Amino acid sequence: LRQSSDLTRVPGRPGRAEGQILNVMGRVLNLSGEPVRNARVEVWQANSHGRYTHPSDPNPAPLDPNFEGSAVLTADSEGRYRFKTIKPAAYPGGPNMMRPAHIHFQVSGKEDRLVTQMYFEGDPYNASDPFLNSAGRKELLITKILEATPEFDPGSKMVAFNIVLSKG
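Let me sum up the structure you'll find in this document. Every value quoted in this text rests on a predicted model; they were computed, and no experiment measured them.

Bringing the packing of aromatic side chains into the picture now. One pass over the full model with this rule turns up five aromatic pairs. Ring geometry for Y81 against F83: centres 6.3 Å apart, planes inclined by 25 degrees, an arrangement best described as stacked. Of the two residues, Y81 and F83, neither departs from the other in class, the shared state being buried. Measuring from ring centre to ring centre gives 5.2 Å for F105 and F161, while their planes differ by 40 degrees; the resulting arrangement is tilted. With F105 in strand β7 (residues 102-108) and F161 in the loop between β11 (157-160) and β12 (163-165), this residue pair connects regions lying 56 residues apart in the sequence. Comparing F105 with F161 shows no difference in burial state: the two are buried. One aromatic cluster in this structure is built from Y81, F83, F105 and F161. In this arrangement the basic side chain of K87 is found over the ring face of F120, its NZ or CZ atom lying 5.0 Å from the centre.

Spelled out as structure tokens, the structure:
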């Protein structure tokens, strides 16, 4: 995966990814609430049409040449991470199922690794998603899209998503 905090642009290509820009940020913490320093945060997601940039994705939705949809980040000494992306779209998860919009995370600390997904409040497919609804406390996986502060691109939105590892 490419080391980048801006998923809205692909190196060597002049355009920007299609869709609503999201500024995703949060902290990686342990169960005691302490920061997990230098945690590795891998992210991947579908584009604004609901398609992954992966050869095995059978979705006929269009690819976006300006969006690869994956990156690896390193949390800072306070466990903070931040990246800019676009809001993914829902996509077919089978013949009679739609997956809600979500972003995948794989987070590795010194002792633990967690694979999880971040969902968006109000998505009509959240209620029927088997992965989200198998989570013990699914409310921890659903984020609210907020207006961005002036430090971010005009018209962009903001999402906060903290990730908790057992030990760190």
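Having put the structure on the table, let's press on.
Using the criterion set out here, one finds nine salt bridges in the structure. Measuring nitrogen to oxygen at the nearest pair gives 2.6 Å for the salt bridge that ties E147 to K157. In this pair, E147 sits in strand β10 (residues 146-147) while K157 sits in strand β11, placing the two residues ten residues apart along the sequence.

So, about the layout of surface pockets. Here the largest pocket defines a volume of roughly 290 Å³. Looking at the lining of the largest pocket, the elements that each hand over two or more residues are β8 (113-120), β9 (142-143) and β12. Empty space within the second largest pocket amounts to approximately 250 Å³. Residue lining of the second largest pocket: 15 residues in total, with Y52, T53, H54, S56 and D57 positioned closest to the centre. Secondary-structure elements contributing two or more residues to the lining of the second largest pocket are β2 (40-45) and β5 (91-94). Of the residues in the lining of the second largest pocket, the class split is six nonpolar, seven polar and two charged.

What counts, and at which threshold
- Residues numbered from 1 in each chain as written.
- Predicted model: local features only at pLDDT ≥ 70, side-chain atom pairs only at ≥ 80, totals over all residues.
- Heavy atoms only, no water.
- Phe/Tyr/Trp six-rings, centres within 6.5 Å; stacked < 30°, edge-to-face > 60°.
- Buried < 20%, exposed > 50% of the residue type's maximum accessible area, 1.4 Å probe, protein only.
- Helix = DSSP H or I, 4+ residues; strand = E, 2+ residues; numbered from the N terminus.
- Lys NZ or Arg CZ within 6 Å of the ring centre and 35° of its normal.
- Salt bridge = Lys/Arg side-chain N within 4 Å of Asp/Glu carboxyl O.
- 1 Å grid on protein atoms, 1.4 Å probe; cavity = no way out; pocket = protein on both sides within 12 Å on 5 of 7 lines; lining within 4 Å.
- Points joined across faces, edges and corners; volume = space filled by probe spheres on them.
- Nonpolar A, V, L, I, M, F, W, Y, C, P; charged D, E, K, R; others polar.

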